[in-house]
Amino acid sequence: MNKKVIKIAIQMRQNSYAPYSNYKVGSAVEVTSGEIIGGCNVESSSYGLTCCAERIALYNALSKGFKKFISIAVSTKNGGFPCGACRQVIWEICGEIPVYICDDKTLLTIIKSSILLPSPFNDKYLK
Ligand code: THU
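Note that the structure is a prediction, hence the values are computed from the model and not measured. (Residues numbered from 1 in each chain as written. Predicted model: local features only at pLDDT ≥ 70, side-chain atom pairs only at ≥ 80, totals over all residues. Heavy atoms only, no water.)

S.K.: Before we go on, may I ask you to explain the sheet that holds strand 2 (residues 36-40) in this structure?
M.R.: Strand pairs in the sheet, formed through backbone hydrogen bonds, run parallel or antiparallel to each other. In spatial order, the strands read 2-1-3-4-5; together these five strands make up an open sheet with mixed pairing. Strands with a single pairing partner mark the edges of an open sheet, and in this sheet they are strand 2 and strand 5 (107-112). Taken over all neighbouring pairs, the strand axes of this sheet differ in orientation by 20° on average, direction set aside. Pairing between strand 1 (residues 26-31) and strand 2: five bridges, direction antiparallel. Counterpart to Glu-30 in the pairing with strand 2 is Ile-36. Here helix 1 (residues 4-12) sits on the sheet and contacts strand 1, strand 2, strand 3 (69-75), strand 4 (98-102) and strand 5; the angle it forms with strand 1, its principal contact strand, is near 150°. (Pairing = 2+ DSSP bridges. Helix = DSSP H or I, 4+ residues; strand = E, 2+ residues; numbered from the N terminus. Axes fitted to C-alpha atoms, helices over the stretch in contact; angles between N-to-C directions. Contact = heavy atoms within 4.5 Å.)

S.K.: What am I meant to see in the side chain of Ser-75 here?
M.R.: Tracing the backbone through its elements, the reader meets Ser-75 in strand 3. A distance of 2.9 Å separates a polar atom in the side chain of Ser-75 from the backbone oxygen of Asp-103. Sequence-distant contacts of Ser-75, defined by excluding residues within four places in its chain, comprise Ala-9, Ile-10, Arg-13, Lys-24, Val-25, Gly-26, Cys-102, Asp-103 and Asp-104. (Polar contact = N/O pair within 3.5 Å; in protein donor to acceptor, adjacent residues only side chain to side chain.)

S.K.: Mind showing me how you'd approach unusual backbone geometry here?
M.R.: Of all residues except glycine, most have a negative phi; of all peptide bonds, most are trans. Although it is not a glycine, Tyr-47 adopts a positive phi angle of roughly 60°. Following the sequence through the fold, Tyr-47 ends up in the loop between strand 2 and helix 2 (53-63). Positive phi, close to 50°, is recorded for Ser-119, a residue that is not glycine. Mapping Ser-119 onto the fold places it in the segment after helix 4 (113-116).

As structure tokens, then:
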């Protein structure tokens, strides 16, 4: 396990833009070259436009050209798990990877992406 992914996820909470919920979330993904790419939640006054930290971290990594992911970490003040939308996106983009659930200081739990999203929808249904 690359502990840097946990450290960066925890640090990314500092960049969270969450003036409505005040629930700061940080995330980071580890790519095959060992680089770590971070993201934080970004809220909107229209609420529905809010984007979670996990998706921002993944979209940030994809937009930098990274395609293969080793792990993802998420940090909140109280060890919150990824929401349903993020579980779908993590599964589609990363497949089976460990998801590191952290609070604001440390790793709490490791859970596989397939456990977070059993019986997923995927592109096979679109063919
Ligand atoms: N949030 C995340 O960033 N990730 C999740 O998996 C769950 C929720 C954010 C969205 C919103 O800014 C705040 O947490 C409260 O829902």
